[in-house]
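Read off the chains here:
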Number of protein chains: 2
Amino acid sequence: MSDLLERLRGRGWRLTSQRRVVAEVLDGDHVHLTADEVHARATQRLPEISRATVYNTLGELVSLGEVIEVSTDGRAKRYDPNAHQPHQHLVCSGCGTIRDVRPLGDPLADLPADQRFGFTVSEVEVTYRGLCPSCA
Amino acid sequence: MSDLLERLRGRGWRLTSQRRVVAEVLDGDHVHLTADEVHARATQRLPEISRATVYNTLGELVSLGEVIEVSTDGRAKRYDPNAHQPHQHLVCSGCGTIRDVRPLGDPLADLPADQRFGFTVSEVEVTYRGLCPSCA
DNA sequence: ATCCTACGATGGACAGAGTCTAAGTCAAGA
DNA sequence: TCTTGACTTAGACTCTGTCCATCGTAGGAT
Ligand SMILES: [Mn+2]
Ligand SMILES: [Mn+2]
Ligand SMILES: [Zn+2]
Ligand SMILES: [Zn+2]
């Protein structure tokens, strides 16, 4: 996480307390918080941080490739700090919990040429759904 | 499409001009309209149809399994009348066009047991992304 | 053919998620 | 320490979707 801040400062990022707090909140595994959840947690450490700044900072982290935007339901987007290891998501239909998963093989290979309609396909996103142990 | 209306009438649906128009707008292949797009097209045929009715009717069609809700971007949900043939989606990152595709094999099989975290996995949703011929 | 009524349609208020702006603040280089 | 442009802030605004009270009508009953 501190190396994230180093990396960003190297790219000319002005290091403010707000940005530091947002980065801290996003630290960890299987973290998939909404912007408002990030804001709520950031507020505990820095009471006056604004919603706009959280949105701005998250947007910048996404642009810089340090955070991934995930929208598994039709609701709020979730922000995922696990950006450097490609992965997919397993979502509980009961409670909404999201886990990072790594399927075998290359999901792109499953789409035959005659199903590509002339597209240059470069990316694939897979969402597995089911019930977690607590909800089953 | 008329068999759709028959099926629904058989299930006790009251057949109103509004519902008929929404069903007509959703007819076709590779149709993935937002609720407001459905409303705009429905308005051309039936000028006084309301937004609420479009949302209600779409919601009912989804509950009845006749239409599928798709959210490929973080924006508005899209409504897909191709509900009886399981399929996945190929989305153009340039213009947003969505095509129905059928990948080979069973995507569920690619998730090994040690990546299931005790979940009962029952469903998988795949979104391929790339550039369509016009945007490339 | 007409009547009844419960189901459906309507418009507008409301809510959640996100964007934008104008004005104030401050990190960091000179 | 001074300066300045980048950053933060509050709140207005947009977009998507839901809810509600009231009105209208599809379709069965007579
Ligand atoms: Mn993740
Ligand atoms: Mn489709
Ligand atoms: Zn669960
Ligand atoms: Zn395109």
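Report on the accompanying structure. The written sequence of each chain sets the order in which its residues are numbered from 1. A letter from A marks each chain and a number from 1 marks each ligand, given out in the order of writing. This being a predicted model, a pLDDT of at least 70 is required before a residue's local features are given, and a value of 80 or more before pairs of side-chain atoms are given or counted; all residues contribute to the totals for chains, interfaces and linings. Each side-chain value is worked out from all heavy atoms of the structure, with water and hydrogens disregarded.

**Here's the deal with the relation of the copies chain A and chain B**
Note on the chain copies: they are related by a rotation about an axis and a translation along it. For the record, the criterion: Superposition of the copies was done by least squares, using only C-alpha atoms of residues whose pLDDT is at least 70 in both.
Relative to chain B, chain A is turned by 179° and slid 0.1 Å along the rotation axis, the superposed coordinates differing by an RMSD of 0.2 Å. The transformation relating the two chain copies, once decomposed into turn and shift, fits a two-fold axis. Taking C-alpha positions as the reference, the residue of chain A nearest the rotation axis is A:Val126, at 2.3 Å.

**Notes on the coordination of the manganese ion (ligand 2)**
Residues and elements named next belong to chain B. The condition that has to hold: Each metal site is built from N, O and S donor atoms within 2.8 Å (3.2 Å for Na, K and Ca), and since water is not included, such sites may look incomplete. Classification of residues uses two cut-offs on accessible area relative to the type maximum, computed with a 1.4 Å probe and protein chains only: under 20% is buried, over 50% is exposed, and between them is partly exposed.
Bound to the manganese ion (ligand 2) are the protein donor atoms His32 (NE2), Asp80 (OD), His87 (NE2), His89 (NE2) and Asp100 (OD), situated 1.9 to 2.3 Å from the metal. Going along the chain, you hit the donors of the manganese ion (ligand 2) in the pattern H-x47-D-x6-H-x1-H-x10-D. This pair shows no difference in class: Asp80 is buried, exactly as His89 is.

**Notes on the interface of chain A and chain B**
For clarity, the cut-off: Contacts are assigned to residue pairs that have any heavy atoms within 4.5 Å of one another. Using a 1.4 Å probe, buried area is obtained as the accessible area two parts lose upon being combined, added over both of them. Any carboxyl oxygen of Asp or Glu that lies within 4 Å of a side-chain nitrogen of Lys or Arg is treated as forming a salt bridge with it. We call two N or O atoms a polar contact when they sit within 3.5 Å, provided that within protein one can donate a hydrogen and the other can accept it, with sequence-adjacent residues counted only if both atoms are side-chain atoms. Three categories are distinguished: nonpolar for Ala, Val, Leu, Ile, Met, Phe, Trp, Tyr, Cys and Pro, charged for Asp, Glu, Lys and Arg, and polar for the others, with Gly belonging to the last.
Facing the 39 residues of chain A at the interface are 39 residues of chain B. Both sides of the chain A and chain B interface together cover about 3,200 Å² of buried area, and 61% of this is carbon and sulfur. For the pair chain A and chain B, the interface holds two salt bridges. The salt bridge partner of B:Glu125 is A:Arg129, with a shortest N-O separation of 3.4 Å. There are 14 residue pairs in polar contact (both at pLDDT 80 or more) connecting chain A and chain B. Partitioning the side of chain A that touches chain B into residue classes produces 20 nonpolar, nine polar and 10 charged.

**What to know about helix α4 (residues 51-63) of chain B**
Residue and element names in this part refer to chain B. Here is the rule we go by: Every helix listed is a DSSP run of H or I at least four residues long, and every strand listed is a run of E at least two residues long, numbered separately from the N terminus. What a helix is expected to span follows from its residue count: subtract one and scale by 1.5 Å. Here the arc refers to the directions that run from the helix axis out to each C-beta atom.
Under the 1.5 Å per step criterion, the end-to-end length of α4 is 18 Å for 13 residues, consistent within 8% with the ideal 18 Å. Val54, Thr57, Leu58 and Leu61 are the residues of α4 that are buried. Down the axis, α4 shows its buried residues gathered within 100° of arc, on one side only. Within two residues after α4, Gly65 carries a phi angle of roughly 80°, on the positive side.

**Focus: the protein's contact with DNA strand C**
Short version of the rule: Any residue with a heavy atom positioned within 4 Å of a molecule or strand is treated as near that molecule or strand.
Among the 17 residues in the neighbourhood of DNA strand C, the closest are listed as A:Arg51, A:Lys77, B:Thr16, B:Gln18 and B:Thr53. Here, DNA strand C places atoms within 4 Å of the protein, and 73% of those atoms are sugar or phosphate. Between a base nitrogen of DNA strand C and a side-chain N or O atom of A:Arg51, the distance comes to 2.7 Å. The separation between a phosphate oxygen of DNA strand C and a polar side-chain atom of B:Arg19 is 3.3 Å. Going through the elements one at a time, α4 (51-63) of chain A together with α2 (17-25) and α4 of chain B are the ones with two or more residues in the surface near DNA strand C. Here the surface near DNA strand C is built from residues that sort into six nonpolar, four polar and seven charged.

**Overview of the packing of aromatic side chains**
Two aromatic rings, taken as a pair, are described by how far apart their centres are and by the angle between their planes. To keep things clear, this is the line we draw: Note on ring pairs: Phe, Tyr and Trp rings are taken, using the six-membered ring of Trp, and paired if centres are within 6.5 Å. Classes follow the plane angle, with under 30 degrees stacked, over 60 edge-to-face and the rest tilted. We count a charge as sitting over a ring when the NZ of a lysine or the CZ of an arginine lies within 6 Å of the ring centre and within 35 degrees of the ring normal.
Under the counting rule described, the total for this entry stands at zero aromatic pairs over all chains. Positioned above the aromatic ring of A:Trp13, the side-chain terminus of A:Arg19 is 4.2 Å from the ring centre.

**Let's talk about the nonpolar core**
This is how it is decided: For this analysis, a nonpolar core means a set of buried residues of the types Ala, Val, Leu, Ile, Met, Phe, Trp, Tyr and Cys, connected via side-chain atoms within 4.5 Å.
A:Val121, A:Tyr128, B:Val121 and B:Tyr128 are the most contacted members of the largest nonpolar core, which totals 22 residues. Only β4 (88-92) and β6 (120-131) of chain A together with β4 (88-92) and β6 (120-131) of chain B provide two or more residues apiece to this core.

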